[in-house]
Amino acid sequence: MAVGGCGVVCKYIIIIFNIVLAGLGLAFLGFGLWLRFGENTRPIFQIEELNSSVFVTAVTLLIIVGSVMLLLIAFGYHGACNERRCSLIVYSVLLSILVATVVLVGFLSYTRRDKVGKYLSQFYSELYTLYVATSDPAIGVVLTFIQEIVHCCGMTGITLVELVKMTCPRPDSFFDHFMPRCPRVIANLFDQKASLVMGIFVVTGGLLVVALLSAIVLLVNLKKHTQRFPVY
């Protein structure tokens, strides 16, 4: 082990951070690939008129983000575990780009929250239509998760007649059979919770900055060690 003291702490911060990031990256990539190549969803990508739909865009972004995160992790692990400056430099550059992206997306999401809410609402509507057409249980799980979070029920809000009523929250009383329509709730919720969403982006950006600073400190420690004990 070449580094010591603060360098060791930073090394393990990077490793722990990468473990968390690996879980997220695998989840994004796996979910994106399943939606892209699943038996019920693959035909959507073969229809030219739907190539610009929110669903297709969201799936493509999931695959790209998941792949970039796993690439980032590979350099981070190699650099931290093997104390390789070259890998840490690439890791720091990629992490800097990710920090800038998170800040930019957070800012745009806050300032254009009405449009983002509209896109999320449209994404839900496309998932809804897909589930009605295919009855794919995995898509049903996604719908159930969304509807439980925002407490809504499909396109009508009426549990008794809703086409996807099996995915709606379980009613506690007769009056719970009448819930808000999900597209409207999702569009309004993002606008109402814009500050909370912005806070999530700020916290995420802060965690990324901690990992970036740890990588920089580890790089400095490795450089000092190399100057102190040059390899001939």
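Residues numbered from 1 in each chain as written. Predicted model: local features only at pLDDT ≥ 70, side-chain atom pairs only at ≥ 80, totals over all residues. Heavy atoms only, no water.

1. Examining the overall build of the chain
Phase 1: Counting its regular elements, the chain contains seven helices and zero strands.
Phase 2: In the chain, the succession of helices and strands from N to C terminus is α-α-α-α-α-α-α.
Phase 3: Expressed as a percentage of its 232 residues, the buried residues of the chain come to 37%.
Phase 4: Taking all contacts inside the chain whose residues are at least 6 apart in sequence as the whole, residues at least 24 apart take part in 68%. (Helix = DSSP H or I, 4+ residues; strand = E, 2+ residues; numbered from the N terminus. Buried < 20%, exposed > 50% of the residue type's maximum accessible area, 1.4 Å probe, protein only. Contact = heavy atoms within 4.5 Å.)

2. Points about the state of the cysteines
The term disulfide refers to a covalent linkage connecting the sulfur atoms of a pair of cysteines.
Phase 1: In total, this model carries two disulfides according to the counting rule given.
Phase 2: Here Cys152 connects covalently by a disulfide to Cys182, the sulfurs 2.0 Å from one another. Classification of the bridge connecting Cys152 and Cys182 rests on its S-S torsion, roughly 100 degrees, and on that basis the disulfide is right-handed. Residue Cys152 is located in the loop between helix 5 (137-150) and helix 6 (182-192), and its partner Cys182 is located in helix 6; the two are separated by 30 residues in the primary sequence. Of the two residues examined, Cys152 and Cys182, each falls in the buried class.
Phase 3: One disulfide bridge connects Cys153 with Cys168, the sulfur atoms lying 2.0 Å from each other. (Disulfide = S-S within 2.5 Å.)

3. Examining the packing of helix 2 (residues 54-82) against helix 3 (residues 85-111)
Phase 1: In the contact formed by helix 2 and helix 3, the axes pass within 8 Å of each other and the chain directions differ by 140 degrees. Like other packed secondary-structure pairs, helix 2 and helix 3 cross with a definite hand, here left-handed. Facing Leu72, Phe75, Gly76, His78, Gly79 and Ala80 of helix 2, the residues of helix 3 in contact are Ser87, Leu88, Val90, Tyr91, Leu94, Leu95 and Leu98.
Phase 2: Of the residues that constitute the contact of helix 2 with helix 3, the class distribution is nine nonpolar, four polar and no charged. (Axes fitted to C-alpha atoms, helices over the stretch in contact; angles between N-to-C directions. Left-handed = near helix turned anticlockwise from the far one by under 90°. Nonpolar A, V, L, I, M, F, W, Y, C, P; charged D, E, K, R; others polar.)

4. Digging into the nonpolar core
Phase 1: One finds Phe55, Val59, Tyr124, Leu127, Leu143 and Ile146 to be the most contacted residues of the largest nonpolar core, which totals 24 residues.
Phase 2: Those elements that place two or more of their residues in this core are helix 1 (6-37), helix 2, helix 4 (113-134), helix 5 and helix 6.
Phase 3: A per-element tally of this core places helix 4 first, with six residues.
Phase 4: The next biggest cluster of nonpolar side chains, apart from the first, holds 21 residues, and it includes Met69, Leu95, Val102 and Leu208. (Core = buried A, V, L, I, M, F, W, Y, C linked by side-chain atoms within 4.5 Å.)

5. Looking at helix 3
Phase 1: Taking 1.5 Å of rise per residue, 27 residues should cover 39 Å, and helix 3 covers 39 Å from first to last C-alpha, within 8% of that figure.
Phase 2: Residues of helix 3 that are buried: Ser87, Leu88, Tyr91, Ser92, Leu95, Val99, Val102, Gly106 and Ser109. (Expected span 1.5 Å × (residues − 1).)

6. Re unusual backbone geometry
Phase 1: The phi angle at Ser135 is positive, at roughly 55 degrees, despite the residue not being glycine.
Phase 2: Along the polypeptide, Ser135 turns up in the loop between helix 4 and helix 5.

7. A look at the environment of Thr60
Phase 1: On the secondary structure map, Thr60 appears in helix 2.
Phase 2: The spatial distance from the C-alpha of Thr60 to the C-alpha of Leu35 is 9.4 Å, given a sequence separation of 25 residues.

8. What about the environment of Val68?
Phase 1: Its location among the elements puts Val68 in helix 2.
Phase 2: Of the residues examined, Val68 reaches a relative accessible area of 43% and is grouped as partly exposed.
Phase 3: Taking the C-alpha atoms as reference, Val68 lies 9.2 Å from Leu98; in sequence the two are 30 residues apart.

9. A few points about a nonpolar patch on the surface
Phase 1: On the surface, a cluster of nonpolar side chains totalling about 410 Å² of accessible area is made up of Val20, Leu24, Phe28, Leu61 and Val65.
Phase 2: Mapped onto the nonpolar patch, the elements with two or more residues apiece are helix 1 and helix 2.
Phase 3: Of all the elements, helix 1 adds the most residues to the nonpolar patch, at three residues.
Phase 4: You can see Val20 is positioned in helix 1. (Patch = residues over 30% accessible without salt bridge, like charges linked within 9 Å, V, L, I, M, F, W, Y side chains within 5 Å. Areas by Shrake-Rupley, 256 points an atom, 1.4 Å probe, with all protein chains shown as cover. Salt bridge = Lys/Arg side-chain N within 4 Å of Asp/Glu carboxyl O.)

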